[in-house]
Amino acid sequence: MAASMQQTRHARRLYVGGIPQDTQDDELRDFFVDVISRAIGESYQGSSADSVVSVYINLERSFAFVELRTIEITAACMSLDGIQFRGHTLKIRRPNDYNPQLIPPTLGPIPELNLAALGIVSTTVPDGPNKIFIGGLPYHLTEDQVKELLSAFGQLKAFHLVRDSNPREGGGQSLSKGYAFCEYMDPKVLPAACEGLNGLQLGDKTLTVRSANSHQPSQGAAATGAAAFAQQMVQAGLAPDTVMAPAFSKPPTKVVVLKNITTVEELSDDQEYDEIVLDIKEECEKHGRIGSLKIPRPGSAFPQSAVGKVFIKYESEAAAALAATSLQGRRFADRTVETDYYDVAKFDADQLE
């Protein structure tokens, strides 16, 4: 039994981000026990009190790993993304060591969570026909204020206010970048919401609200160069008007390399590494679909020159161009990020340097 628990541990853990910095282990454990009891109830085969095996908290970086009793209950709890805990919106993700190919084929049914009973609005807005872009938001507006505005047209299923990656002084939440994405429970309200909110005046700002898929860049957009493409995205409202195209040493490709974004010490710690991967992936996915992400660690097969860099392969050159341009000069953990393009063939062959 112990061996089986160890073998399935990767699939029974949740990454929980955004916890208050004074959270205690027992407090978070009791919270998940209560949530599972209320959202699943009798459909959970076993006592909800034993659903949580262990809790690990990193208060400095405001995240935790919660290990649950079964793979099935863990899969169900992925739907808890966006749940409120002491006034904080939690991010629920799979840890970096999760490997779906290692999950046993003989799984039981996945319990169905009653999300309506929990009032959950997911923090992840998936790409698709129902994804809505909201631009021109005043920077001082909070998530709750924006959600209240959007909720006038229907119940929200998912919402994400894009924030600067650099925390504010004093430990406060980072400032909004002035745009967000959302999805409604009822897709039929999308046209009415876009029509009613687009052009709305909020102080000295005017909202731009449309289907996020109505201005998808063409495959040939990146060929015009990163500067021209970034300007197109600004004009379309899909990037902040502070974006400026830097000078890159290599021509645009689907692969972007981020430099000066992490340290050897951070990469050497397993818990820190998991957090770094999740943070970077979430930030980079804002610019387009990611095909593959590689972050070399000390002692790996990659040369020392690659350690401390992040390599991202996007599904299109257009997405890579927007990412390279938008992330250049961004602050990440008190470091200024530098971006460039990287050869696709070298990336695919794991020839990172």
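## Digging into the overall build of the protein chain
Looking only at helices and strands, the protein chain features eleven helices and 18 strands. Among the 353 residues that make up the protein chain, the fraction classed as buried is 48%. A total of about 17,000 Å² of accessible surface is found on the protein chain, and carbon and sulfur atoms cover 49% of it.

## Quick look at the packing of aromatic side chains
In this description, an aromatic ring pair is defined by two values, namely the gap between the centres and the angle between the planes. Tallied over the full model, the rule gives ten aromatic pairs. Taking the centre distance of 5.4 Å and the plane angle of 80 degrees together, the rings of phenylalanine 63 and phenylalanine 65 count as edge-to-face. The buried category is assigned to phenylalanine 65, whose relative accessible area is 3%. Linked through ring pairs, Tyr15, Tyr56, Phe63 and Phe65 together constitute an aromatic cluster. Across from the ring centre of tyrosine 98, 4.1 Å away, lies the NZ or CZ of arginine 94, which sits over that ring. One cation-aromatic arrangement involves lysine 294 over phenylalanine 347; the distance from NZ or CZ to the ring centre is 4.1 Å.

## Considering the pattern of salt bridges
In the structure shown here, the tally under the stated rule is 21 salt bridges. For aspartate 348, the salt bridge goes to lysine 313, with nearest N and O atoms at 2.9 Å. A residue pair is termed long-range when its members are at least 10 positions apart, and aspartate 348 in helix H11 (residues 344-348) and lysine 313 in strand E15 (residues 310-314) qualify at 35 residues. Linked by salt bridges that have partners in common, Asp81, Lys91, Arg93 and Glu282 make up one network.

## Re the environment of threonine 23
Its place among the elements puts threonine 23 in the loop between strand E1 (13-17) and helix H2 (25-39). Between the C-alpha atoms of threonine 23 and serine 62, which are 39 residues apart in sequence, the distance is 8.7 Å. Setting aside its immediate chain neighbours within four residues, threonine 23 contacts Leu28, Ile57, Leu59, Phe85 and Arg86. A polar atom in the side chain of threonine 23 sits 2.7 Å from the backbone oxygen of proline 20.

## What about helix H9 (residues 270-284)?
With 15 residues, H9 extends 21 Å between its outermost C-alpha atoms, agreeing within 8% with the 21 Å of an ideal straight helix rising 1.5 Å per residue. Counting buried positions along H9 yields twelve of 15 residues, so the element is predominantly enclosed. Measuring from the backbone nitrogen of glutamate 272 back to the side-chain oxygen at the start of H9 gives 2.8 Å, which picks out aspartate 269 as the cap.

## A closer look at the side chain of glutamate 183
Take glutamate 183: it is sitting in strand E9 (residues 176-184). A relative accessible area of 9% means that glutamate 183 is categorised as buried. What glutamate 183 contacts, discounting residues up to four positions off in sequence, is Val125, Pro126, Asn130, Leu156, Lys157 and Ala158.

## Topic: the environment of serine 249
Considering the arrangement of structural elements, one finds serine 249 in the loop between helix H7 (226-236) and strand E13 (255-259). Along the chain, serine 249 and tyrosine 342 lie 93 residues apart, while their C-alpha atoms are 9.7 Å from each other.

## Here we look at the pairing of E13
Most of E13 sits inside the fold, with four of its five residues counted as buried. As judged from the four bridges shared by E13 and E15, these two strands associate in the antiparallel manner. When the sheet's bridge partners are listed, valine 255 is paired in E15 with lysine 313. Relative to strand E18 (residues 338-342), E13 runs antiparallel, the two being bridged by five bridges. When the bridges of E18 are listed, lysine 259 appears paired with glutamate 338.

## Comments concerning the side chain of arginine 13
Relative to the helices and strands, arginine 13 resides in strand E1. For arginine 13, the side chain forms a polar contact with the side chain of aspartate 97, separated by 3.2 Å. Look past the residues within four positions of arginine 13 in its chain and what remains in contact with it is Phe65, Val66, Glu67, Thr74, Pro95, Asp97 and Asp274.

## So, the sheet that holds strand E14 (residues 290-294)
As summarised here, the arrangement of the four strands in space is E14-E15-E13-E18, forming an open sheet in which the pairing is antiparallel. Looking at which strands have only one partner, the edges of the open sheet turn out to be E14 and E18. Averaged over all pairs of adjacent strands, the angle between strand axes in this sheet comes to 20 degrees, irrespective of strand direction. As judged from the four bridges shared by E14 and E15, these two strands associate in the antiparallel manner. Among the inter-strand pairings, leucine 293 is bridged to a residue of E15, identified as isoleucine 312.

Definitions and limits used
- Residues numbered from 1 in each chain as written.
- Predicted model: local features only at pLDDT ≥ 70, side-chain atom pairs only at ≥ 80, totals over all residues.
- Heavy atoms only, no water.
- Helix = DSSP H or I, 4+ residues; strand = E, 2+ residues; numbered from the N terminus.
- Buried < 20%, exposed > 50% of the residue type's maximum accessible area, 1.4 Å probe, protein only.
- Areas by Shrake-Rupley, 256 points an atom, 1.4 Å probe, with all protein chains shown as cover.
- Phe/Tyr/Trp six-rings, centres within 6.5 Å; stacked < 30°, edge-to-face > 60°.
- Lys NZ or Arg CZ within 6 Å of the ring centre and 35° of its normal.
- Salt bridge = Lys/Arg side-chain N within 4 Å of Asp/Glu carboxyl O.
- Contact = heavy atoms within 4.5 Å.
- Polar contact = N/O pair within 3.5 Å; in protein donor to acceptor, adjacent residues only side chain to side chain.
- Expected span 1.5 Å × (residues − 1).
- Pairing = 2+ DSSP bridges.
- Axes fitted to C-alpha atoms, helices over the stretch in contact; angles between N-to-C directions.

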